[in-house]
Amino acid sequence: MKGLIEDSPFLIEIGFHKLLDFYEEQACGEDEFLAARAKKVLEAQRPYPELRDGFTDVRLLEKYAEVIALLLRDTFSPALTHNEIKMAAIPFENIIFNASERFLKIVREAGQDFDLKLRDISDEYKYIMACSVILKTYYGVNTNFQQSVFYDIPDASGIMRNYRVLYNADYLEISPTEKAVEITPEDIDQLLNNFDDIALWKSKFPPGSWKLRGFGICNMYDATTENVISDLKSALLGIGTGNHEDFVSDFRNIFSTLYSIPDIKVGFCVYDKTQGKFEHKKGGPFTSFMLGDITELPEEEMLCHGTCKHLLEDRKYFAVADIDKYLLSSEDFSFVNIRKQGIKSVILAPIILEDFGLFGIIELGSPRTHELNSINVQKLDNVMPYLVAAITRAKVEEANQIEAVIQQEYTAIHPSVKWKFENEVRHYLRQQLQGEASSLGEIVFEDVYPLYGQIDIRDSSQARNEAIRKDLIIQLSFVKTILEKAILFEPLPVYEEILFRLNGHLNDILNDLHAGSEQIVLDFLKEEIHPFFGHLQKLDTAVGESIAEYNSTINAHYQMVYDHRKNYDKSVNLINKKLASLIDKKQSDAQKMFPHYFERYKTDGVEHNMYIGASIGHSREYSDIYLYNLRLWQLQVMWEMENAYYHLKQELPVKLDVASLLLVYNSPLSIRFRMDEKQFDVDGTYNARYEIIKKRLDKALVKGSEERITQKGKITIVYSSLKDEEEYLRYIRFLQSRNYFSENVEILELEELQGVIGLKALRVEVLYRRDEDKTATTYTYEDLMKEIEASS
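Residues numbered from 1 in each chain as written. Predicted model: local features only at pLDDT ≥ 70, side-chain atom pairs only at ≥ 80, totals over all residues. Heavy atoms only, no water.

### Quick notes on the overall build of the protein chain
Under the convention used in this document: Elements are defined by DSSP. Helices are runs of H or I of four residues or more, strands are runs of E of two residues or more, and each kind is numbered from the N terminus. Using a 1.4 Å probe on the protein chains alone, a residue whose accessible area is under 20% of its type maximum counts as buried, one over 50% counts as exposed, and one in between counts as partly exposed. Pairs of residues are marked as contacts when any of their non-hydrogen atoms sit within 4.5 Å. Calculation of accessible area relied on Shrake-Rupley with a 1.4 Å probe; when residues are assessed, cover is drawn exclusively from the protein chains displayed.
Counting secondary structure elements, the protein chain contains 28 helices and 27 strands. Taken over 792 residues, the protein chain has a buried fraction of 46%. Considering only residue pairs separated by 6 or more positions, the protein chain has 67% of its internal contacts joining residues 24 or more positions apart. About 41600 Å² of surface is accessible on the protein chain, with carbon and sulfur atoms providing 49% of the total.

### Overview of the sheet that holds strand β1 (residues 10-14)
Our working rule: DSSP-based pairing: two strands are paired if at least 2 bridges between them are found. For helices, the fitted axis covers only the stretch in contact; all axes are lines through C-alpha atoms, and the angles between them, taken along N-to-C directions, range from 0 to 180 degrees.
As summarised here, the arrangement of the 3 strands in space is β1-β7-β6, forming an open sheet in which the pairing is mixed. Two strands close off the open sheet at either side, each with one partner strand: β1 and β6 (172-176). Strand-to-strand twist across the sheet, computed as the mean angle between neighbouring axes with direction ignored, equals 20°. Contacts from helix α7 (residues 123-137) reach β1, β6 and β7 (210-214) within the one sheet, and its direction differs from that of β6 by about 90°.

### Comments concerning the environment of Glu-490
For the record, the criterion: Any pair of N or O atoms that falls within 3.5 Å is considered a polar contact. Within protein, one atom must be able to donate a hydrogen and the other to accept it, and sequence-neighbouring residues count only if both atoms are side-chain atoms.
Note on placement: Glu-490 falls in the loop between α18 (460-489) and α19 (493-509). Distance from Glu-490 to Leu-539, taken between C-alpha atoms, is 7.4 Å for residues 49 residues apart in sequence. For Glu-490, the side chain forms a polar contact with the side chain of Tyr-495, separated by 2.8 Å. Separated by 3.0 Å, the side chains of Glu-490 and His-535 make a polar contact.

### Here we look at the confidence of the model for the protein chain
Which entries qualify depends on this criterion: Scored between 0 and 100, pLDDT is the confidence that the predictor attaches to each residue.
Here the protein chain shows a mean pLDDT of 84. Residues at 70 or above account for 89%. Low pLDDT, under 50, characterises residues 1-5; the stretch is placed with 19 contacts to residues that sit more than four places away or in other chains.

### Concerning the nonpolar core
Formally: Nine residue types can take part in a nonpolar core, namely buried Ala, Val, Leu, Ile, Met, Phe, Trp, Tyr and Cys, and a core is a set of them joined through side-chain atoms within 4.5 Å.
In this structure, Leu-635, Met-641, Ile-715, Ile-717 and Phe-741 are the most contacted members of the largest nonpolar core, which totals 52 residues. Among the elements that make up this core, the one with the highest residue count is helix α25 (residues 624-648) (13 residues). Dropping the residues within four chain positions of it, Ile-717 is found in contact with Leu-635, Leu-662, Val-664, Tyr-728, Ile-732, Lys-760, Ala-761 and Leu-762. Ranked by size, the runner-up nonpolar core spans 46 residues in total, among them Ala-27, Phe-97, Leu-172 and Trp-210.

### Thoughts on unusual backbone geometry
For Asp-120, which is not glycine, the phi dihedral falls at a positive 55°. When you line up the elements, Asp-120 lands in the loop between α6 (101-109) and α7. By relative accessible area, Asp-120 is classed as exposed at 70%. Of note, the phi angle at Asp-447 is positive, near 55°, even though the residue is not glycine. By the element assignment, Asp-447 lies in strand β15 (residues 444-457).

### Focus: the packing of α18 against helix α20 (residues 517-528)
Put simply, the rule is: The cut-offs work like this: below 35 degrees is roughly parallel, past 145 is roughly antiparallel, 65 to 115 is roughly perpendicular, and the gaps in between are oblique. Definitions for this section: a left-handed crossing has its near helix turned counterclockwise from the far helix by less than a right angle. A right-handed crossing has that turn clockwise. Throughout this entry, Asp, Glu, Lys and Arg are counted as charged residues, while Ala, Val, Leu, Ile, Met, Phe, Trp, Tyr, Cys and Pro are counted as nonpolar. The remaining residues, Gly among them, count as polar.
One can describe the packing of α18 onto α20 by two numbers: an axis separation of 11 Å at closest approach and a directional angle of 25°. Put simply, α18 runs roughly parallel to α20. The two elements α18 and α20 meet at a crossing, and its hand is left-handed. Contact residues: α18 offers Ile-468, Leu-472, Gln-475, Leu-476 and Val-479, while α20 offers Glu-518, Val-521, Leu-522 and Leu-525. Within the contact of α18 with α20, the residues separate by chemical class into 7 nonpolar, 1 polar and 1 charged.

### Looking at the packing of aromatic side chains
Put simply, the rule is: Note on aromatic pairs: the rings of Phe, Tyr and Trp (six-membered ring only in Trp) are paired at centre separations within 6.5 Å, and the planes decide the class, stacked below 30 degrees, edge-to-face beyond 60, tilted for the rest. Working rule: Lys NZ or Arg CZ, within 6 Å of ring centre, within 35 degrees of ring normal, means a charge sits over the ring.
The full count for this structure, using the stated rule, is 26 aromatic pairs. With a centroid separation of 5.4 Å and 85° between ring planes, the pair formed by Phe-533 and Tyr-550 is classed as edge-to-face. With Phe-533 in helix α21 (residues 533-536) and Tyr-550 in helix α22 (residues 541-553), this pair connects stretches of sequence that are 17 residues apart. The pair formed by Phe-533 and Tyr-550 is uniform in burial state, with each residue classed as buried. Through a chain of ring-to-ring contacts, the aromatic side chains of Tyr-138, Tyr-139, Trp-201, Phe-205 and Trp-210 assemble into a single cluster. The aromatic ring of Phe-76 is capped on one face by Lys-86, whose charged end is 5.0 Å from the ring centroid. Above the plane of the ring of Phe-150 lies Arg-119, whose end atom (NZ or CZ) is 4.5 Å from the centre.

### What about the sheet that holds strand β8 (residues 216-222)?
In space, the 5 strands of this open sheet follow the order β3-β2-β8-β5-β4, with antiparallel pairing throughout. Across the chains shown, the open sheet's two edge strands, defined by having one partner strand only, are β3 (95-97) and β4 (149-154). Ignoring which end each strand starts from, the neighbouring axes of this sheet average 40° apart. Packing of α6 onto the sheet brings it into contact with β2 (85-90), β3, β4, β5 (160-168) and β8, and relative to β2 it is tilted by some 90°.

### Overview of the environment of Glu-424
If you trace the backbone, Glu-424 turns up in helix α17 (residues 415-433). Residues Glu-424 and Ile-443, spaced 19 residues apart in sequence, show a C-alpha to C-alpha distance of 8.1 Å. Residue contacts for Glu-424: discarding those within four places in its chain leaves Ser-439, Leu-440, Gly-441 and Ile-443.

### Quick notes on the pairing of strand β14 (residues 357-366)
On a regular strand, each side chain points to the face opposite its neighbour's, so the side chains alternate between the two faces of the sheet. The element β14 is largely enclosed, with a buried count of 10 among its 10 residues. Both strand β9 (residues 265-272) and β14 contribute to a ladder of 6 bridges, which runs antiparallel. From the neighbouring strand, Gly-267 faces β14, where its bridge partner is Glu-363. With 9 bridges joining them, strand β13 (residues 345-353) and β14 adopt antiparallel strand pairing. Pairing of Leu-348 across the sheet is with Glu-363, part of β14. Linking β13 to β14, which pair antiparallel, is a turn of 3 residues; within it Asp-355 sits at a positive phi near 60°.

### Some thoughts on helix α26 (residues 688-697)
As a reminder of what qualifies: The arc under discussion is defined with respect to the helix axis, by the directions toward the C-beta atoms.
Turning to α26, its buried residues number three or more, namely Tyr-690, Glu-691, Ile-693, Lys-694 and Leu-697. End-on, the buried residues of α26 take up no more than an arc of 160°, which puts them together on one face.

### Concerning the pattern of salt bridges
Charged atoms that come close allow side chains of opposite charge to pair. For the record, the criterion: Each salt bridge in this description consists of a side-chain nitrogen of Lys or Arg and a carboxyl oxygen of Asp or Glu lying within 4 Å of one another.
Across all of its chains, the model carries 35 salt bridges by this definition. A salt bridge links Asp-187 to Lys-204; its shortest N-O distance comes to 3.0 Å. A residue pair is termed long-range when its members are at least 10 positions apart, and Asp-187 in helix α8 (residues 185-192) and Lys-204 in helix α9 (residues 198-204) qualify at 17 residues. Assigned by exposure class, Asp-187 and Lys-204 land together as buried. For Lys-586, the salt bridge identified is with Glu-640, shortest N-O distance 3.0 Å. Of this pair, Lys-586 sits in helix α23 (residues 564-593) while Glu-640 is found in helix α25, placing the two residues 54 residues apart along the sequence. Residue Lys-586 is classed as partly exposed on the basis of its relative accessible area, which comes to 26%. Among the ionic contacts, a cluster of salt bridges with common partners joins Glu-13, Glu-173, Lys-211 and Arg-213.

### Brief notes about the environment of Tyr-163
In this structure, Tyr-163 sits in strand β5. Each C-alpha atom of the pair Tyr-163 and Ile-153 lies 7.6 Å from the other, and the pair is 10 residues apart in sequence. Those residues within four positions of Tyr-163 in sequence are excluded, and the remaining contacts are Ile-85, Ile-106, Val-149, Phe-150, Tyr-151, Ile-153, Met-220, Tyr-221, Asp-222 and Ala-223.

### Considering the pairing of strand β25 (residues 760-766)
A large share of β25 lies buried, amounting to 6 of its 7 residues. Judged from the 6 bridges that link them, strand β23 (residues 714-719) and β25 form a sheet pairing that is antiparallel. Directly across from Tyr-719, in β25, lies its bridge partner Lys-760. Summarising the sheet, strand β24 (residues 741-749) and β25 pair through 6 bridges and their orientation is antiparallel.

### Re the side chain of Asn-337
Of note, Asn-337 is situated in helix α15 (residues 333-340). Looking at Asn-337, the relative accessible area reads 9%, which means it is buried. The contact partners of Asn-337, leaving out residues within four places of it in the chain, are Phe-289, Met-290, Leu-291 and Gly-292.

Written out as structure tokens, the structure reads:
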């Protein structure tokens, strides 16, 4: 028995007056047996008037325990004391007395240090709930609040059992004291709208302002299975979240509680129905007992015919209560593996998904015989539907994620234009439902303004060729050493002839790599060198070791030395990844200003196209101010990409340079989605001029010179009208005030681009920052390179 809690709206007065009133009625009744029994109870109580009048000293419960037991004998039958989980109690207080033997046994097995407390019931919550009872019983307010109350008590094996508590308040009564505050209808409205405001509740129901007189009867029943199902639902929400450790731990605890086996083992294997095999991922959240150290196995090898039919065809649970005995009559491979892991009884439960079939098998194992068997396997009926539903949901989510990645990485429809695709598909489906002939219409956006930009790796072809040339020189030099060693041990003229031609190839690429040189050298090595290595290895140990070292140097995919080229490829990939990530991130912010179509490509650098106009804006009202804003945004982002690259440059294996370019095109055009290519293209012959200019710009020269219009450390803006020039000069002056650009601005004319004439360019020098601090010192390209070299 526990003591009173001080902070409560109730003054507790324990008493048995209502029960004694009941016995007085029986004592005057016509049933002689009941009347005699009632008189005997009343006579036993008569020397102790405090049991009727009430008392606050909880120690009297122990003092009068025998008399109280007699008073409660009709409600606490001795014949059921080892079966019922029952005690007398005071609701909202930790007062327990006259408990049944089964309740006492449960508490004893929990251990001496166990502290019996209601689950998730704080003192504040109990206070408010006590006030709610007053509202309902005294003021007649239907609070309509019924929440399950539980005791969580570990059993002798350490398994946590969950007991639901049911209160009988027939022998309790509530009355106000002189401290009680009169509750008005306005107070009731305020209380019903502020359940969590403990201060408000205490102001309306101060501590000790009401009297709770009598006692309650508390019945409990084992609701562990119900709780297991609830916990399982919660745990299954963890499928697909990536939080494997918590999910696996919760999952094992659930089955441990369900079967009362503290050391239960849980395994899982997936069934690949296309190949008819079982598999699992070693080291994953769940491994398979049946597969053991093998990652996959055909069904006919893993399961004997009987087991296979039970699981795969009949789709029923399969339980073995004694694996050692089972293996005396079967050499089932999977059960041999299960026994190796110390499992003596097992349950195999197939997971069947609708429209899919067998997804996998859950494996439950116990280190003791008979603990898992064909009788208690039926417990899985309570949990399997939730497991199947969760796995189905996870598979749908996985399919959605796969679809999202495919859309993003392969056939993306940009969010800004997705609405038009959705409208067209809805129209198409509506026509189909009405039985009309239907086809998907073309997706066209008219009168949109294009914006194009690129940040290109300068002289990327030369850098790539130089990397290939160096790798070929290394490879040919390696082979030359092998041939020279071979001639020492076997001086055949044919070796000398091959060496002569090898030296010729080596001399050809010592200074430059000509068109076709790479393929010529690789064909020479593949056809006239490598086939003889098997013979040359036998000449001498030194030759064999050189060939082995050569083979270890060769990249298996390219069949060549892949060293300098690897560094080049890695540098290009790092540049593209960095710059693409930056503009993608910035794009999400730009879309909030006004929706516009955006696409970007990775080549030797990063290119992007944008289209903006009323036809793309959908429900947004378009103004040319959004076009000007997007052009300024684009120029700012190109500056950020330039800075991002030069922060990255010193980390690259190959120190490449980049050059940035923007194309201004002031005539609106139309774009059409090409179903065959799954992308937007500029529509119409006239509009094709824009695409022609884009494709030829990167090779454009300053008029009257051999100088490329793009240069490292500068952003080039190509345009055709004076209006465009004035617009971008305004942007440049604004960004110069922000220390984005230096005062070095050039106005250039371009050489004719195969029929495209009259193009001009602004070329502005970028100021770089060593860090992201906007107040930090800025540098021109030359200054930045000197600074980097000095710091390194």
